[in-house]
Each structure stands twice: as structure tokens, then as C-alpha cells.
Amino acid sequence: MNHRHRVRLTVLALVGVIGSAVVTSAVSPPATAEASTIAPSGSRPFTDPVDRMPLGPASLVTRFGSVQTPAPGVTYRKYTQGHASSSWTIALHFPPARADLVTRDSQRADTFVADLHAAGYPEATKVTYDPPLPADLQYRPPADATMLYAVHLGTFSDSTAAEARLAQVRSAGITGVVEHQAFREQVSTGPWEVRALVVEPDAAVTIGAAHGPELRSADRVRDIARYAGALAGVNASEFDIDSPNNPDFNGFDGDPLGIYVQGNNLLSEAVNGRTALLLNGANGPLRITELTSTTTVKAPDGAQWQVDGLHRKPGKIAHCGGVGGDLRPPSTPGGTPGDLPYADQPWRFETCTDPDEIVVFRPEWGTETPVGPTGSVDVVVDGNWVAKQLRSPAGGPIPAGARVLQGIGAGGQWLRDHTVLNKAFQPGTQILDPQGQRVTSPTFAAVSGGPALVRGGQVWINVGANGYRSRDGYHTSLFLDRHPRTLAGITAAGQLLLVVIDGRRPGVSVGVTMPEAAAVMRWLGAVDAIMLGIGGDSTLVINDILYNRPTDYWGHEPVTERRVGNAIVLLPKAG
């Protein structure tokens, strides 16, 4: 990281881990995307919508479940709609690379189908997708070319039959994956199961953010709620999941990806410009907006360093969006990292690197800092940021009430050069909204999510600002894919909506696309809404009972409660 030009520091009132600081967001929403005005407490309580859910054909009817009241001012509601009408199919890889399942080239798809027909596969068909455009114009693909095309081979009553057919055609050099048609079909009949917790402004609960005993380790939502003493909880931020689909896993599955603030303590830095849910902030009890964060330390001799991260292993920055000197993966396999620009912006499917970092750890992380490479350094400071110990290589205890600054590369050398035992560092942290305003308060909490789904009462999905993009535009397929999703919304009356939509279960609930999720949140009355964790993360627990059916993959019948990084919880108010 190049810190030679980082010579200006504004130190404000301390906020949790370091201090309060501010940077402008990389995203400036248009006027039509301004946050909504939320009514004060005392507005009319939430009531179910009068029309059908905006999912599938207009002929489908919504079934409204009975209302439960887990606490005064908190209601649980369930909505179901639709029926199974889709089958399993084989989505084929396009030649010659046999890597892509979709293409923007219509002629390429036509040629592939014709070749398959000529080779004796008359069941091959071309499938067309036409998703809407994202809200953030700078991330639209070239010429707004959003049409996508796929080639499917046959339909099957179950996944076993489809897998058997795929095994047969592989001998002819044809490859692909088995998919349920509802995963990407343009119009689905579902079915869907939508569950919502509605929290009134005067509810007998406190809305907060929570994690398990140690931030470095993931826990089930059920266990996080127990640990916090909460009566209900849903999964919140994405996290550094330990999965074959995450080849850059950094070794600690509790690490939240993006901003995480609990009790006004900044526990994870922002992936700058990503959307977040704010609780009890400077602008009111509930807000959804984009955030940036900046943390800086000043040594006793006046030298300064912009801290690279909080509570993560130094060197890798999942989803990028960090501060100076980060390097995106090379543009070609085996190339040199950093030949692509914009590493300071979110890239959800990339992991940036930085050999020169300083990361801060508090006891919330766990009992010890990560073991560092040769030359790495830990500087242990007390609660007043007075340096008490310098150890190398890094890795060791985090004393109660202390902080540890861990440095690698140039960051480690900076700590060696500027640490003076029994002298204090001066910290400063800012968390800012897109208008450059400070958002913190003594009881502030925030969780990263994104994209936004609704802004100012209108569908507004800023996928690019939240890293859902590729090098030639935004990931159009992400608008198409149906997954389980956890959503949060705010109504004009100031109610918080925590919504979990199950998916990947043919005949039960197929999940929703991003535009479908936005439509559901508008239907429920949200004037602002955000997507939180998705897929197998999506979990709703009330009074230690699992209310939904978390599912890791399509057709996987057993319920699997995935361990997640953190949760939004409802805590009973004292008295």
C-alpha cells in the first residue's frame, strides 16, 4: 500500500474501535433515488396488502397465513403463492471453451443449437432472457445489451434423470450442468413462501446487530440469537464463507464482508460504496444508504497510516473496495496482479490483494490474532492506545480491553519504525453517507448488504455499486437467478420489515430474482429496501424455533442451518 501521500488526518470524537471519520461514497444516487421520509412513531399499525403478490402470472392467488405476535409491536406473517410447473433440464456449456452457460451473442446460440440438432440431439433448444437494467447507469454493459441466451438439452421429471442424461452426452464432448428451470426461467409459477417479521416503531424490542462469542467464527442464526438474548433474528451480512465456491477463503468464516457496527463499535470496515442497513444512527432509528469508512492512526512522532482493515487476516480483501494500494487479480491467468483499475471499488466475484497492510483487532475477534508471515508485527496497545508490546512474527493473545495493530510488509515496517513503548497512538475513524455526513450515534449499529432494492418508493437496484459486475459490464445473470433471499425494508410509517423468502425447493418455494425481491418489498409497503445475505444463509428464528427452510442447493431436501457471520436481532426491552 502506498501511504506516502496520506498526510492529512481529521480526528473526531472516538467511535468504537478507533474514531469517527468520513469519506464520500463512490455512488451518488440520482434525485429519484433519495431516501424516503419516514413517519414518526404513532402511525397506523401494519396491515397485510390487499392485492396479490407481484410474482408469476396474474392468475396466481396469494394465501395469507395467520398472524403471530412474538412481542408487543412485533408480528410474524406468512404469504404463499403459486404452484410447481417447471422441470429439470441440462444447461449446456458453449463451445469451444466449454465454460459459459449464457452468452450475449444470439447467433452463437443459434449456431450451437443447429450443430446439436445435426449431431442427433433434436431436444436442444435456445432460451432467451431479457432482464431489466440496473439503476446505476455507469455499470450497464456495452450498448445496454442485456439480452442473454442459453442452450438447454431436454426436460426431465427429476434431477437424477437429468444427471444420467448428462453423463451420457459427456462421452460426445458435450458438457453442462443440471438446472431446475425455475432457477432462471423468465416467468415462473413458483411456488413461493414469503415470511415477514414486522417491527412497529413503538415495539417492545430493541433492534440490533449481533454475532457469536467470537467474531472470527461463524455461528447459526439460532445460536447468535441465543448468545445475544434475542427473541428473534435473521441472517445479516455476507461473510468469508468456507466453501468450495470460495477459493480465496482467508481462514476465518466469521469475518463479515463489508461494514459491521455494533453498539457504535466499528467491527468491520466498509466495502466502500456498498449499501447498508443503519440502526439508531444520527439520522433516525432506521435508514438504508451507501456507506464509506476511513480509519487512521497517528504515531507518537506524528507519522500517520490509513488502517487497511478491521478484524480480518491482512493481505486479502474479499470483494475489493478497500483503501489505497490494493491490487485486483490479473486480467489473464498467470499475469501480474494490479493490471486492472478500480480496486477501491466493490467487485463481488474478486479478491484483491495488498502485501503492505495494517489491520486492527479487538477482543471481539477472539483470544488471539492470526499468525502472520515472516517479518509481520503485532503491536499491543491498551484501551487508551498506549503501546505495551511489540512482537514478531505476528500472532498472539489479545488482552482484555486492548487492541492489536497487525502489520505485514510495509505496514509491519511502519509499526517497527514508529512504535514507542508506553507512548500512545492517536486513532480516528469516520463513517459517512453519500452526502458526506456522519452517521454514528452512541447506540449506532449497521450491517452491510446490497444491492438496494427500493429507494424512495420505487424499484431501484444498484448492482454495480455493490460489486455485482463483470469486466464487460454488470452480471446480467444475477438478475435472472432465483435464490433464497433475506431482505430488509422500511415503510413510510417507520416499520422495519425483515423478510425471508425460501428457495431452491421445487414444489415448495423456488426463490426470487433481484427484481422479484424488489417487487415483493414494494408490495409489503417498503419505501426503502435492501438485500442482505442470500442462498443457504437465509434464516429466520423466533423464540429459538427455526421458521423457514434454509437450503444449500437446488433439490436438497434436508433443512440445513448454515453458520453465518452476524445477524439482525430483536432484543426484549428491559422492564
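Please refer to the structure higher up on the page.
Definitions and limits used
Residues numbered from 1 in each chain as written. Predicted model: local features only at pLDDT ≥ 70, side-chain atom pairs only at ≥ 80, totals over all residues. Heavy atoms only, no water. Helix = DSSP H or I, 4+ residues; strand = E, 2+ residues; numbered from the N terminus. Rg over C-alpha atoms; globule rule 2.2 N^0.38 Å. Buried < 20%, exposed > 50% of the residue type's maximum accessible area, 1.4 Å probe, protein only. Areas by Shrake-Rupley, 256 points an atom, 1.4 Å probe, with all protein chains shown as cover. Lys, Arg positive; Asp, Glu negative; His and termini not counted. Charge placed at Lys NZ, Arg CZ, Asp CG, Glu CD. Pairing = 2+ DSSP bridges. Polar contact = N/O pair within 3.5 Å; in protein donor to acceptor, adjacent residues only side chain to side chain. Salt bridge = Lys/Arg side-chain N within 4 Å of Asp/Glu carboxyl O. Contact = heavy atoms within 4.5 Å. Phe/Tyr/Trp six-rings, centres within 6.5 Å; stacked < 30°, edge-to-face > 60°. Lys NZ or Arg CZ within 6 Å of the ring centre and 35° of its normal. Axes fitted to C-alpha atoms, helices over the stretch in contact; angles between N-to-C directions. Core = buried A, V, L, I, M, F, W, Y, C linked by side-chain atoms within 4.5 Å. Disulfide = S-S within 2.5 Å. Arc of directions from axis to C-beta.

Secondary structure summary: the chain contains 6 helices and 37 strands in total. Taking 2.2 N^0.38 as the reference for a compact globule, 575 residues should give roughly 25 Å; the C-alpha atoms of the chain span a radius of gyration of 24 Å, in line with that estimate. On the principal axes, the C-alpha backbone points of the chain span a range of 75 × 60 × 45 Å. Here the chain holds 575 residues, and the buried ones make up 58% of them. When the accessible surface of the chain is split by element, carbon and sulfur atoms take 53% of a total near 21,700 Å². Charged side chains of the chain number 48 positive and 54 negative; the gap between the two group centres comes to 3 Å.

Among the 5 residues that make up strand β22 (residues 377–381), 5 are buried, leaving the element largely enclosed by the rest of the structure. Across the two faces of β22 the burial is the same, with Val377, Val379 and Val381 and Asp378 and Val380 all buried. When β22 meets strand β23 (residues 387–391), the two strands line up antiparallel, connected through 4 bridges. The residue bridging Val381 from the neighbouring strand is Ala387, located in β23. Linking two consecutive strands that pair antiparallel, namely β22 and β23, is a turn of 5 residues; a positive phi of about 70° is found at Trp385 within it.

For the rest of this paragraph, the subject is the side chain of Asp528. In this fold, Asp528 is placed in strand β33 (residues 526–534). Of note is the side chain of Asp528, whose polar atom sits 3.1 Å from the backbone nitrogen of Gly456.

Right, let's get into the pattern of salt bridges. As enumerated under the stated definition, the model contains 30 salt bridges in all. Residue Arg195 pairs with Glu193 through a salt bridge whose shortest N-O separation is 3.2 Å. The two residues Arg195 and Glu193 agree in class, both being buried. In this structure, the salt-bridge partner of Asp544 is Arg226, at a minimum N-O distance of 2.7 Å.

What follows deals with the environment of Pro355. With respect to the helices and strands, the residue Pro355 is situated in the loop between β20 (346–353) and β21 (357–361). Once the C-alpha coordinates of Pro355 and Gly325 are considered, the two residues, 30 residues apart in sequence, prove to be 8.8 Å apart. Discounting chain neighbours no more than four positions away, the residues touching Pro355 are Ile408, Gly409 and Ala410.

Glancing now at the packing of aromatic side chains. In the structure shown here, the tally under the stated rule is 11 aromatic pairs. Their ring planes at 75° and their centres at 4.7 Å tell us that Tyr76 and Tyr547 sit as a pair that is edge-to-face. One end of the pair, Tyr76, is in strand β3 (residues 74–81); the other, Tyr547, is in the loop between β35 (545–546) and β36 (563–564), and 471 residues separate them in sequence. We note that Tyr76, like Tyr547, is buried. Note on Tyr79 and Trp523: the rings are 5.1 Å apart at their centroids and 80° apart in plane angle, and the pair reads as edge-to-face. Of this pair, Tyr79 sits in strand β3 while Trp523 is found in helix α6 (residues 514–523), placing the two residues 444 residues apart along the sequence. Given a relative accessible area of 10%, Trp523 falls into the buried group. Three or more aromatic residues link up through ring pairs in this structure, and these residues are Phe64, Tyr79 and Trp523. Arg328 extends its terminal NZ or CZ atom over the ring of Trp347, reaching a point 3.6 Å from the ring centre. Directly above the aromatic system of Trp347 lies the positively charged group of Arg469, at a separation of 3.9 Å from the ring centroid.

Right, let's talk about the sheet that holds strand β14 (residues 275–281) for a bit. With respect to topology, 5 strands assemble into an open sheet ordered β13-β12-β26-β14-β15, the strand pairing being antiparallel. For this open sheet the edge positions go to β13 (265–268) and β15 (284–290), each flanked by a neighbour on one side alone. When strand polarity is set aside, the average angle formed by the axes of neighbouring strands in this sheet is 20°.

Take the nonpolar core next. Judged by nonpolar contacts, the single largest core of 55 residues is most densely connected at Val151, Leu453, Val499, Met521 and Leu524. If you tally residues by element for this core, the top one is α6, at 6 residues. Setting aside chain neighbours within four positions, we find Val151 in contact with Ile90, Ala91, Leu92, Phe94, Ala109, Phe112, Val113, Leu116, Ala124 and Thr125. Of all hydrophobic cores here, the second largest spans 34 residues; its members include Ala209, Leu277, Leu496 and Ile542.

Here we take up the environment of Thr351. You can see Thr351 is positioned in strand β20. Taking the C-alpha atoms as reference points, Thr351 and Pro244, separated by 107 residues in sequence, lie 15 Å from one another. Setting aside anything within four residues of it in sequence, one finds Thr351 in contact with Asp248, Lys316, Ile317, Ala318, His319, Cys320 and Pro329.

Ordered by their spatial adjacency, 3 strands build an open sheet running β17-β16-β25, and the pairing between neighbours is antiparallel. The open sheet has two edge strands with one neighbour each: β17 (304–306) and β25 (426–432). Each adjacent strand pair in this sheet contributes to an overall mean axis angle of 15°, direction not counted.

Here the focus is the state of the cysteines. Scanning the model with the defined rule gives 1 disulfide in all. The disulfide bridge from Cys320 ends at Cys352, spanning 2.1 Å between sulfur atoms. In this structure, the disulfide formed by Cys320 and Cys352 twists by about 100° around the S-S bond and is classed as right-handed. Linking Cys320 in strand β19 (residues 316–320) with Cys352 in strand β20, this pair joins segments that are 32 residues apart in sequence. Neither residue differs from the other here; Cys320 and Cys352 are each classed as buried.

A separate point is helix α4 (residues 410–418). Three or more residues of α4 are buried, namely Gly411, Gly412, Trp414, Leu415 and His418. Buried positions in α4, seen along its axis, are confined to an arc of 160° and lie on one side of it. Looking at the buried residues of α4, the elements they touch are β16 (292–298), β17, β21, β22, β23 and β24 (403–408).

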